[in-house]
Structure formats: C-alpha cells, structure tokens
Amino acid sequence: AQSVTQLDSHVSVSEGTPVLLRCNYSSSYSPSLFWYVQHPNKGLQLLLKYTSAATLVKGINGFEAEFKKSETSFHLTKPSAHMSDAAEYFCVVSGQAGTALIFGKGTTLSVSS
Amino acid sequence: KAGVTQTPRYLIKTRGQQVTLSCSPISGHRSVSWYQQTPGQGLQFLFEYFSETQRNKGNFPGRFSGRQFSNSRSEMNVSTLELGDSALYLCASSGEGNEQFFGPGTRLTVL
C-alpha cells in the first residue's frame, strides 16, 4: 500500500531564511509524488509533481523537491521564505490505480518577519 | 480556462437530512474526484468518476454516493447525515496527466 509521512506537523521560519518540509513515502512501485499547498479557507494548489523523470523537480513560487529513492524521501525546499508562503503543505502520493491521491497529514508553515 | 467550481460553498444541515454537492471540472477534463477534509482524519479520498462511471472508490460507507453527467459535471450525495460528516468536501478534476486540480471546496456543517 502507498503512504506518505510528513515528519513535521509545524515548521516556523523567519522571512528570508530557507524552508525545508520533510516527507517520506512508502510505495510498492515507482510512485508519482506531489506537493500541494492550502492557504486558509482556500482549495489546494499544486506546487510541483514528480513522475519518474528528473529527480530534482522545480515548482511554482521558487519551491523545489528532490526525489531520493534510496531514502524514500521527497522533501520540499525553498531558498528564501516569504510571508506569503505561510500555509499548510501536503505531501501526496498517487494510489496504485493512479487516480486516488493519498495525502500526508500536512505541515503548517509559519513565517515571521 | 476557468478552474474547478463547487457549489454551494457553505451548507448547514441537521442530522438525518441528506445533501447534494456539485462540482464543475475544468473544461476538457473527464475525471472528477472527491475528497473529504476534516481536522481529525485529514484529507481522504471518496471516489472518482470518469466518463460517467465510478472508476475508483475510497473507504467510506454507502451513505456517500456520487454520479457524473455527460458534460463531466459531478454531484456527490450524502444521505442520513451524521455529525461526523461535517467537513470540507473538495472536488478535483484531471485531464490527460495525473495531476489533479482542486476546487475551493464546500464547507458542510451538520448540526
């Protein structure tokens, strides 16, 4: 069965400092992995996706993630945090049928000035 | 292109009632998936429809059902509402790729 574990429920950073949100996955086959962001009272927005092409995936708003098969990790990073990055972030793996998405519990990112 | 739209955005019902939520996918997308988001359980997959057929189903009771119309619009129905059904219900559509694009959600409160 597929699953994802987000290692931190809450991450706090200062504006201008790097962001690291950690995610480990479990999958019995080569997975499709995603990061989504949810701002308060908003729907989910796709940040980036990995589908077995390049292991370093660049997304929107300066975010990127690196797929590491040996570590079963897909951590999300950004060199410099902005206040507008404060939101909840979800690491997601696609189910075996390729359609159902399996979400991690989410990481709340707080950014202080 | 217009994004995924969901109606209504907010809904208040009482226990035992039923409710129908609507989702219009991005133009050209034929797959529509539904998810439930609660503080305790997080985001959970309900079901997916493709070309008017349910293609995949999550682990929810039969009170939760859905359908899809020929124009790809989808509805989700919950019968005999329980307090625990209070949640944000999200709809997502997808086209040829496997990424899903989400609507703003319908916030259901059951009293």
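Data block above holds the structure.
A brief look at the structure comes next. (Residues numbered from 1 in each chain as written. Chains lettered and ligands numbered in written order. Predicted model: local features only at pLDDT ≥ 70, side-chain atom pairs only at ≥ 80, totals over all residues. Heavy atoms only, no water.)

What follows deals with the overall build of chain A. A tally of regular secondary structure across chain A gives 0 helices and 12 strands. Each helix (α) and strand (β) of chain A, taken in turn from the N terminus, gives the series β-β-β-β-β-β-β-β-β-β-β-β. Relative to its length of 113 residues, chain A is compact, with a C-alpha radius of gyration of 13 Å against a globular reference of 13 Å. The dimensions of chain A, computed from C-alpha atoms along their principal axes, are 40 × 30 × 20 Å. Taking the intrachain contacts of chain A between residues at least 6 apart in sequence as the baseline, contacts between residues at least 24 apart amount to 55%. Surface exposure of chain A reaches about 5,300 Å², of which carbon and sulfur atoms provide 51%. (Helix = DSSP H or I, 4+ residues; strand = E, 2+ residues; numbered from the N terminus. Rg over C-alpha atoms; globule rule 2.2 N^0.38 Å. Contact = heavy atoms within 4.5 Å. Areas by Shrake-Rupley, 256 points an atom, 1.4 Å probe, with all protein chains shown as cover.)

Residues and elements named next belong to chain A. Along strand β2 (residues 10–14), the buried face is formed by Val-11 and Val-13; none of His-10, Ser-12 and Ser-14, which line the opposite face, is buried. Direction of pairing for β2 relative to strand β12 (residues 107–112): parallel, over a ladder of 5 bridges. Counterpart to Val-11 in the pairing with β12 is Leu-109. (Buried < 20%, exposed > 50% of the residue type's maximum accessible area, 1.4 Å probe, protein only. Pairing = 2+ DSSP bridges.)

Turning next to the interface of chain B and chain A. Contacts between the two partners involve 18 residues from chain B, matched on the other side by 19 residues from chain A. Taking both sides of the interface into account, the surface hidden between chain B and chain A amounts to around 1,500 Å²; carbon and sulfur atoms contribute 51%. The tally of links between chain B and chain A comes to 1 salt bridge. As a salt-bridge pair, A:Lys49 and B:Glu99 come within 2.5 Å of each other at their nearest N and O atoms. If you look at where chain B meets chain A, you find 4 residue pairs in polar contact (both at pLDDT 80 or more). Listed by contribution, the elements that provide at least two residues to the side of chain B that touches chain A are β4 (31–38), β5 (42–50), β6 (53–57) and β9 (87–94) of chain B. If you tally residues by element for the side of chain B that touches chain A, the top one is β5(B), at 3 residues. Here the side of chain B that touches chain A is composed, by residue class, of 7 nonpolar, 7 polar and 4 charged. (Buried area = accessible area lost by both parts, 1.4 Å probe. Salt bridge = Lys/Arg side-chain N within 4 Å of Asp/Glu carboxyl O. Polar contact = N/O pair within 3.5 Å; in protein donor to acceptor, adjacent residues only side chain to side chain. Nonpolar A, V, L, I, M, F, W, Y, C, P; charged D, E, K, R; others polar.)

This part takes up the pairing of strand β7 (residues 64–68) of chain B. All names here are of chain B. Summarising the sheet, β7 and strand β8 (residues 74–78) pair through 5 bridges and their orientation is antiparallel. Paired with Gln-68 across the strands is Ser-74, a residue of β8. From the end of β7 to the start of β8, which pair antiparallel, there are 5 residues, and Ser-72 there has a positive phi angle of about 75 degrees.

With that settled, consider the state of the cysteines. Working definition of a disulfide: a covalent bond connecting the sulfur atoms of two cysteines. All names here are of chain A. Per the counting criterion, the structure on display carries 2 disulfides over all chains. Across the disulfide, Cys-23 is cross-linked to Cys-91 (sulfur-sulfur distance 2.0 Å). Sign of the S-S torsion, about -65 degrees for the bond between Cys-23 and Cys-91, identifies this disulfide as left-handed. Within this pair, whereas Cys-23 is found in strand β4 (residues 23–26), its partner Cys-91 is found in strand β10 (residues 87–94), the two being separated by 68 residues in sequence. Given the relative accessible area of 0%, Cys-91 is considered buried. (Disulfide = S-S within 2.5 Å.)

Right, let's get into the environment of B:Leu46. Residues and elements named next belong to chain B. Among the secondary structure elements, Leu-46 is positioned in strand β5. With a relative accessible area of 0%, Leu-46 lands in the buried category. When the C-alpha atoms of Leu-46 and Gly-58 are compared, they prove to be 4.7 Å apart, with 12 residues separating the residues in sequence. When near neighbours in sequence (up to four residues on either side) are disregarded, Leu-46 contacts Trp-34, Tyr-35, Gln-36, Lys-57, Gly-58, Phe-60, Phe-64, Met-76 and Tyr-89.

It is worth spelling out unusual backbone geometry at this point. Of note, the bond from B:Thr7 into B:Pro8 is cis; its omega dihedral lies within 30 degrees of zero at -10 degrees. Along the chain, the position of B:Pro8 falls in the loop between β1 (5–7) and β2 (10–13). Positive phi values are uncommon outside glycine, yet A:Asn61 reaches one of about 60 degrees. Here A:Asn61 falls in the exposed class, since its relative accessible area comes to 52%.

This paragraph deals with the nonpolar core. Counting 26 residues, the largest nonpolar core has A:Trp35, A:Phe74, A:Leu76 and A:Tyr89 as the members making the most contacts within it. Element by element, the count of residues in this core is highest for β10(A), at 4 residues. Residues within four places of A:Tyr89 in sequence aside, it is in contact with A:Gln6, A:Leu21, A:Trp35, A:Tyr36, A:Val37, A:Leu47, A:Phe63, A:Leu76, A:Gly106, A:Thr107 and A:Leu109. If you look at the next biggest cluster of nonpolar residues, it comprises 21 residues, including B:Met76, B:Ala87, B:Tyr89 and B:Cys91. (Core = buried A, V, L, I, M, F, W, Y, C linked by side-chain atoms within 4.5 Å.)

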